[in-house]
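Residues per chain, in single letters:
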Amino acid sequence: MTTIRDIAKKAKVSPATVSRVLNNDQTLSVSEETRKRILEIAVQLKYKPMRVRQQQSKRNTSKEHIEIGLLLWCSQQDEFNDLYFLSIREGIEKQCLDLGIHITKIIRMTDPKNDADLYVSKLDGMIIVGEIDPKSLVNMFHKEDRLVFVNYSPDERHYDAVVSDFCQATELAISHLLQHGHKKIGFIGGKEHIRQFGSYQITEIEGQRLK
């Protein structure tokens, strides 16, 4: 199965550029030659957008039809600027496709015109990417046991979550630096933004300093 990264490697451009070209992003500043080369390679490698593959999987699978909603904190532009979140979304879509699960609706909190309330109540489950307060979803989606969070764990006692162990990773990184004789170690951190879906209220949580 051809991916955006396969096209990017052959076209010698970034995956973000390929994604923006394939999505016909008119704000992308790229030469017509590069745009044409990307499209030709996509055809040559028989690339199929994730939505098309999902539809084919839906037609071919013998499994019970399951409809999932994907709620993202970030905009499409944020994904273009940060491939970390782009890779998360693509990974989720690929895994759902492999399992014969259909992502019915992709909702972006940054889209002021999103019509999530028309779809959410009918879904079998939701995957939430980013720091979104689950309490703000209750009015639209009452199946709390069918919420799965990615890159954020609001409460491990009530919600399933897929997260990285940043504490362990940080300890391993510092231990590695200390073992190599480094003593002056810096840390660059940021703020977590917990978003309230619907009202778009944002609560900031300061990152803790390493000691």
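Calculation rules
- Residues numbered from 1 in each chain as written.
- Predicted model: local features only at pLDDT ≥ 70, side-chain atom pairs only at ≥ 80, totals over all residues.
- Heavy atoms only, no water.
- Helix = DSSP H or I, 4+ residues; strand = E, 2+ residues; numbered from the N terminus.
- Buried < 20%, exposed > 50% of the residue type's maximum accessible area, 1.4 Å probe, protein only.
- Contact = heavy atoms within 4.5 Å.
- Pairing = 2+ DSSP bridges.
- Axes fitted to C-alpha atoms, helices over the stretch in contact; angles between N-to-C directions.
- Core = buried A, V, L, I, M, F, W, Y, C linked by side-chain atoms within 4.5 Å.
- Parallel < 35°, antiparallel > 145°, perpendicular 65-115°, else oblique.
- Nonpolar A, V, L, I, M, F, W, Y, C, P; charged D, E, K, R; others polar.
- Arc of directions from axis to C-beta.
- Phe/Tyr/Trp six-rings, centres within 6.5 Å; stacked < 30°, edge-to-face > 60°.
- Expected span 1.5 Å × (residues − 1).

Asks: Quick question: what am I supposed to make of the overall build of the chain here?
Replies: Looking only at helices and strands, one finds 7 helices and 7 strands in the chain. Going from N to C terminus, the chain has its helices and strands arranged as α-α-α-α-β-α-α-β-β-β-β-α-β-β. Sorting the 211 residues of the chain into buried and exposed places 38% on the buried side. The long-range share in the chain, meaning contacts at least 24 apart out of those at least 6 apart in sequence, stands at 54%.

Asks: Hey, could you run me through the sheet that holds strand β4 (residues 147-150) in this one?
Replies: The strands making up a sheet associate through hydrogen bonds between their backbones, and the pairing can be parallel or antiparallel. Sheet architecture is open: 5 strands sit in the order β2-β1-β3-β4-β5, paired in parallel fashion. A single partner strand is all that each edge strand has here, and the edge strands are β2 (102-108) and β5 (160-162). Across the sheet, the mean angle from the axis of one strand to that of its neighbour is 20°, orientation sign disregarded. Both strand β3 (residues 125-129) and β4 contribute to a ladder of 4 bridges, which runs parallel. Note that in β4 the partner of Val-129 across the bridge is Val-150.

Asks: Got a minute to help me understand unusual backbone geometry in this structure?
Replies: Leave glycine aside and you will find that most residues have negative phi; peptide bonds, for their part, are mostly trans. You will see that Lys-12, though not glycine, has its phi angle at about 60°, which is positive. Looking at where Lys-12 falls in the secondary structure, it is placed in the loop between α1 (4-11) and α2 (15-22). The phi torsion at Lys-46 lies on the positive side, around 60°, for a residue other than glycine.

Asks: Explanation requested: the nonpolar core in the structure shown.
Replies: The nonpolar side chains of soluble globular proteins are, as a tendency, buried together. With 30 residues, the main nonpolar core has Leu-71, Ile-92, Met-126, Ile-128, Val-129 and Leu-147 as its most contacted residues. When residues of this core are traced back to their parent elements, those giving at least two are β1 (67-72), α6 (83-98), β2, β3 and β4. Setting aside anything within four residues of it in sequence, one finds Leu-147 in contact with Met-126, Ile-128, Leu-137, Phe-141, Tyr-159 and Asp-160. One finds Ile-4, Ile-7, Val-21 and Tyr-47 within the second-largest nonpolar core, a separate group that totals 11 residues.

Asks: What is the right way to read the packing of α2 against helix α3 (residues 32-44) from this model?
Replies: At their nearest, the axes of α2 and α3 sit 10 Å apart, and the two run at 85° to each other. Judged on the interaxial angle alone, α3 and α2 are roughly perpendicular. Mapping the contact onto sequence places Thr-17, Val-18, Val-21 and Leu-22 in α2 and Arg-35, Ile-38, Leu-39 and Ala-42 in α3. Classifying every residue of the contact of α2 with α3 by side-chain character gives 6 nonpolar, 1 polar and 1 charged.

Asks: Can you walk me through α1 in this structure?
Replies: Note that an α-helix has 3.6 residues per turn; residues three or four places apart therefore point the same way. Taken together, the buried positions of α1 are occupied by Ile-4, Ile-7, Ala-8 and Ala-11. Angularly, the buried residues of α1 cover 100° about the axis, an arc narrow enough to put them on a single face. In this fold, the buried residues of α1 make contact with α2, α3 and α6. A positive backbone phi angle near 60° is found at Lys-12, which sits one or two residues after α1.

Asks: Would you explain the packing of aromatic side chains in this entry?
Replies: Centre-to-centre distance and the angle between the planes together describe a pair of aromatic rings. On inspection of all chains with the given rule, the structure shows 4 aromatic pairs. The interplanar angle of 80° and the centroid separation of 5.2 Å between the aromatic rings of Trp-73 and Phe-85 together place this pair among those described as edge-to-face. Taken together, the residues span a long stretch of sequence, with Trp-73 in the loop between β1 and α5 (76-81) and Phe-85 in helix α6 at a distance of 12 residues. Here the two residues Trp-73 and Phe-85 agree in accessibility, since each one is buried. Between Phe-149 and Tyr-159, the aromatic rings sit 5.5 Å apart at their centres with planes inclined by 75°, giving edge-to-face as the arrangement. With a gap of 10 residues between them, Phe-149 in strand β4 and Tyr-159 in the loop between β4 and β5 connect regions that are remote in the sequence. Relative accessible area serves as the criterion here: at 11%, Tyr-159 is assigned to the buried category. Three or more aromatic residues link up through ring pairs in this structure, and these residues are Trp-73, Tyr-84 and Phe-85.

Asks: Mind showing me how you'd approach helix α7 (residues 166-179) here?
Replies: Helix length check: α7, at 14 residues, gives a terminal C-alpha distance of 20 Å against a target of 20 Å (1.5 Å per residue), a fit within 8%. Of the residues trailing α7, Gly-181 is marked for its positive phi of about 85°.

By themselves these figures say nothing about function.
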